Amino acid sequence: MAFSLLSACFSTLPPPAAAEDGLGDLLDRGQIGGDLEQLQENLDALKARKIRINEAEPDALRQLPWLNSGDISSIVEVRRTRGAILSLRQLEAIIGPEKTARIAPYVTFARKTRLPSPEEKEPLSGSFSSRVLWDTTPRDGLSDGRYPGDHFKLYNRLQLDYGNFQANLVHDKDIGEPDVADFVSLSLSASDLGIVQQAVLGNYRLNFGQGLLVGQSRFMSKGSEPSNSVRIGSKRLSPSSSSSEYGFFQGAAATLDLKPLEVTAFWSANLVDARNTTGTITSFDEAGYHRTMTERNRKDNVTETVYGASILYRFESGAVSGKAGGTWLRYDYGEPLKALGSVDGSSSLGGVECDLLIGRLGFFGEAAWSEKPHGRVSWIAGADYQVLPKVNLLFAVRDYDPGYYSPFAGAFAERGDNASNEKGCYFGIEGAVSSRVSLGAYVDWFRFPKLDPDPKVYAHPSSGYDTRFFLTWKQSPLLIWSLQGQHKEKEDVLKQCPGGVVSCRSSAKKYAPLPLVTDRLRLDCDIDVSRRLHLRTRGEVKRVVKEYLAGDETYYGWLLYQQANFRVGSFGLKGRFTLFHTDDYDAAIYTYEDDLPLVFNSTAFSGRGKALFLVASWDVSRNLKLAGKFETTWYDDRDVYSSGADERDTSAPGSFHLGCSLRF
């Protein structure tokens, strides 16, 4: 068994910086996934259009990532048995002071009344964010012409709000891209206009059921909040306002509230980057880079046409409430798709979903069917139960058929292969032992019917499991310890010499499973030194065992960092110094790093060396904020960094970031 030493953290400022919203702590504790910029955008939108906590359906409350199923069922139960929740103090008694403080900016206790008259409508408001990034050492591709663009990454975002209407405009250009307007995203939306719950023109995202059919906003995977990890907590329809260049639709969509029915209709004709040099689409390029000639030739080279509708029935009777419905869509790429057998480029998808809450017991599930390639069904079902006021259980079973395929899936999985080729059983528990101690743990057993779907590689079954525990101890109001451990066994596939021979000719090697055993232990300590100074210290260790046919190989890694957050008046400064040592890339250690607003970084430390980052911010006024970041890593085991066109002729790569945010 191996270890991993977790982090120690000391803090007086709000939790480390994904934002003052505490999003950074969630990302730091769980496995990061999805478009996190969009998650922050969704939360920012909730500040302008707050959730009415006394009227919101359970799935609306799931938009707040700090609430688990137990919290939501408690809120619903209190509303049903005691009446409206009228204050933050009442809410604290239900979900605790910490979670209340987290969600306070996004909820209101007011009930929905008549529509305001034109004279009462709020004036035009909005925000503008801009940032620029450049490397301290230029990339080789910029010097030799492989990257014809410049040294800068640019980002700009404008959001306008007027009553029930909103506009989002996003611009993004990566280092080396020659087109200064490489990516531009626009969405126009309206909400709460009579029966029109939401309407979007331009770029938008959809989420139905648990993401087997369409799940474009799954942000967390196996984190410390088990019920948040399995269920999708996003709106069925929302504008897309992030700089991600993949994972959204482009066209028009609307959700109509025809109580008790809710109907969503959508149409999209989106240009996507595809690898199709052979006349068949083998895969989609999700990175969004358009620097080299090859990348530029792939830009927007395929039109993805999608249309469909979803209908949902909501019901409530006493302690029982829920929803049930179905969705149908059709997509067409105009060219044969490898995932559909290299014959067809279009297919239909259909699915049914349900969600039921009976007091403290909740059930959820979705089953989805794909017409092609083999007309198969994938499904997931689960239940969560609040055993005690502060103890929650969740159990879920999934069966994703190898013959099922959805290019828009965002399902809960060990491998996110389009809700396909995976079976699994997940059990999670979380709870507060006392006012100072909280625990969480999960175990996930999974099985891949085909370790690699390609029959020429290794299309045979493979099993594994992943288990993790979390412990938080508030030693005092100023000192918090957090411990996290993980043990995981999973197989990969690799060409190896048969019979356990150490070396052989390349032609003699055969594909065979490669078992990987991973152990991690991480310790964090957070302390508020004063009202202005917060410190965090983290230690983490990791061991990876690769069980080759010729014998086992073991690799170790460790990381230690010290972070300090300091704030005085309108000025803030965050800094972190990190030491790391890993034997192999598989032993790399990942950490979340503070950055500029709307930037989320999970850095992989591999090799040997040390790293530093500094983030400074200045609130020039109530509505204007300036920020900057410098980061660098000094490697002891290499003379150059990265490879190919991204190679930098230095062992100490670094970058500068500057940004501003204006609200009006």
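Residues numbered from 1 in each chain as written. Predicted model: local features only at pLDDT ≥ 70, side-chain atom pairs only at ≥ 80, totals over all residues. Heavy atoms only, no water.

> Teacher, can you tell me more about the pairing of strand β6 (residues 165–173) here?
In regular strands, side chains alternate between the two faces of the sheet. Within β6, seven of the nine residues are buried, which leaves it mostly tucked inside the rest of the structure. Two elements, strand β5 (residues 152–162) and β6, share nine bridges in a ladder whose sense is antiparallel. Within β6, the residue paired with Arg157 across the bridge is Val170. Between the end of β5 and the start of β6, which pair antiparallel, lie two residues, with Gly163 showing a positive phi angle near 60°. The pairing of β6 with strand β7 (residues 183–193) spans eight bridges and is classified as antiparallel. When the bridges of β7 are listed, Val170 appears paired with Ser185. (Buried < 20%, exposed > 50% of the residue type's maximum accessible area, 1.4 Å probe, protein only. Helix = DSSP H or I, 4+ residues; strand = E, 2+ residues; numbered from the N terminus. Pairing = 2+ DSSP bridges.)

> I would appreciate a short explanation of the confidence of the model for the protein chain in the present structure.
Segments scoring low in pLDDT should not have their predicted coordinates read at a detailed level. Per-residue pLDDT for the protein chain averages 89, and the proportion of residues at 70 or more is 92%. Predicted confidence for residues 1–21 stays below pLDDT 50, and this span has 123 contacts to residues more than four positions away or in other chains. (pLDDT = per-residue confidence, 0-100. Contact = heavy atoms within 4.5 Å.)

> Is there a simple way to explain empty space enclosed by the protein in this structure?
Regions of empty space are outlined by a rolling probe, equal in size to a water molecule, passed over the atoms. Applying the stated rule across the entire model yields four cavities of 30 Å³ or more. When its volume is computed, the largest cavity comes out at roughly 160 Å³. Contributing to the lining of the largest cavity are 18 residues, with Pro58, Asp59, Gly322, Asp355 and Leu357 lying nearest its centre. Secondary structure elements with two or more residues in the lining of the largest cavity: α3 (58–61), α4 (69–82), β15 (320–332), β16 (346–358) and β17 (361–370). (1 Å grid on protein atoms, 1.4 Å probe; cavity = no way out; pocket = protein on both sides within 12 Å on 5 of 7 lines; lining within 4 Å. Points joined across faces, edges and corners; volume = space filled by probe spheres on them.)

> What is the right way to look at the state of the cysteines in this model?
By definition, a disulfide is the covalent link that joins the sulfur atoms of two cysteine residues. If you walk through the whole model with that rule in mind, you get one disulfide. Across the disulfide from Cys497 sits Cys504; the S-S distance is 2.2 Å. Disulfide Cys497 to Cys504: torsion about the S-S bond roughly -95°, handedness left-handed. The class for Cys497 is buried, based on a relative accessible area of 6%. Accessibility expressed as a relative area gives 29% for Cys504, which makes it partly exposed. (Disulfide = S-S within 2.5 Å.)

> Got a minute to help me understand the pattern of salt bridges in this structure?
Side chains bearing opposite charge may pair, as long as their charged atoms lie close to each other. According to the stated counting rule, one finds 45 salt bridges in the structure shown. Lys153 is paired through a salt bridge with Asp174; the nearest N and O atoms lie 2.7 Å apart. Here Lys153 is found in strand β5, whereas its partner Asp174 is found in the loop between β6 and β7, with 21 residues between them in sequence. Overall, Lys153 belongs to the partly exposed group, its relative accessible area being 25%. (Salt bridge = Lys/Arg side-chain N within 4 Å of Asp/Glu carboxyl O.)

> What should I look at first to understand the packing of α4 against helix α5 (residues 88–95) in this one?
The packing of two helices is summarised by the inter-axis angle and the distance between the axes. Following both chains from N to C, one finds α4 and α5 inclined at 125°, their axes separated by 9 Å at the closest point. One element, α4, and the other, α5, form an angle in the oblique class. Of the two elements, α4 crosses α5, and the hand of that crossing is right-handed. In this structure, α4 contributes Asp71, Ser74, Ile75 and Val78 to the contact, and α5 contributes Leu91, Ile94 and Ile95. Tallied by class, the residues present in the contact of α4 with α5 amount to five nonpolar, one polar and one charged. (Axes fitted to C-alpha atoms, helices over the stretch in contact; angles between N-to-C directions. Parallel < 35°, antiparallel > 145°, perpendicular 65-115°, else oblique. Left-handed = near helix turned anticlockwise from the far one by under 90°. Nonpolar A, V, L, I, M, F, W, Y, C, P; charged D, E, K, R; others polar.)

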